[in-house]
Amino acid sequence: MLYRLKSLMEENTEVLAEIITNESGKTYGESVGEIQRAIENIEVACGTPMLMAGDVIEDIATGIDEMMIRQPIGVAACITPFNFPSMIVFGSCPMPLLPVMPLW
């Protein structure tokens, strides 16, 4: 899903930048830069599942093994400032979505 989002943002960068320019009063160049940064944040989130594997540590004490399993814990929200409407959202929201997304 995140790869598809990245692809759609790349295909529609001009339209999204125009919307940000009209909504926030930024220059068009600043808006394009913000969209590019948002796309980069999504790329980072796409690569993160490789780092999210659980860990098992054997014998932390006699007869005791430790296991960490990543699981979703609830709802996530993001309140963004008016002057960075997409960059802040995509800097923080893709990561909480990862535990609930299928990894195929």
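Now for a description of the structure that goes with this document.

The rules behind the values
- Residues numbered from 1 in each chain as written.
- Predicted model: local features only at pLDDT ≥ 70, side-chain atom pairs only at ≥ 80, totals over all residues.
- Heavy atoms only, no water.
- Helix = DSSP H or I, 4+ residues; strand = E, 2+ residues; numbered from the N terminus.
- Buried < 20%, exposed > 50% of the residue type's maximum accessible area, 1.4 Å probe, protein only.
- Contact = heavy atoms within 4.5 Å.
- Expected span 1.5 Å × (residues − 1).
- Arc of directions from axis to C-beta.
- Core = buried A, V, L, I, M, F, W, Y, C linked by side-chain atoms within 4.5 Å.
- Pairing = 2+ DSSP bridges.

**Description of the side chain of Lys6**
Okay, step 1: Looking at the secondary structure, you find Lys6 in helix H1 (residues 2-11).
Okay, step 2: A relative accessible area of 16% means that Lys6 is categorised as buried.
Okay, step 3: Those residues within four positions of Lys6 in sequence are excluded, and the remaining contacts are Ile39, Ile42 and Glu43.

**Considering helix H3 (residues 28-47)**
Okay, step 1: Taking 1.5 Å per residue as the helical rise, H3 with its 20 residues ought to reach 28 Å, and the 29 Å between its terminal C-alpha atoms agrees with that figure.
Okay, step 2: For H3, the complete set of buried residues consists of Ser31, Glu34, Ile35, Ala38, Ile39, Asn41, Ile42, Ala45 and Cys46. Across the axial projection of H3, the buried residues extend over an arc of 160°, all falling on one side.

**Notes on the nonpolar core**
Okay, step 1: Within the largest apolar cluster, ten residues are counted, these being Leu2, Met9, Ile20, Ile35, Ala38, Ile39, Ile42, Ala45, Cys46 and Phe90.
Okay, step 2: When residues of this core are assigned to their parent elements, the largest contribution, six residues, is made by H3.
Okay, step 3: If sequence neighbours within four positions are ignored, Ala38 has contacts with Met9, Ser86, Met87 and Phe90.

**Looking at the pairing of strand E1 (residues 55-61)**
Okay, step 1: Judged from the four bridges that link them, E1 and strand E2 (residues 64-68) form a sheet pairing that is antiparallel. The residue of E2 that forms the bridge with Ile57 is Glu66.
Okay, step 2: Where E1 folds back onto E2 in an antiparallel hairpin, the turn is made up of two residues, including Gly63, whose phi is positive at roughly 75°.

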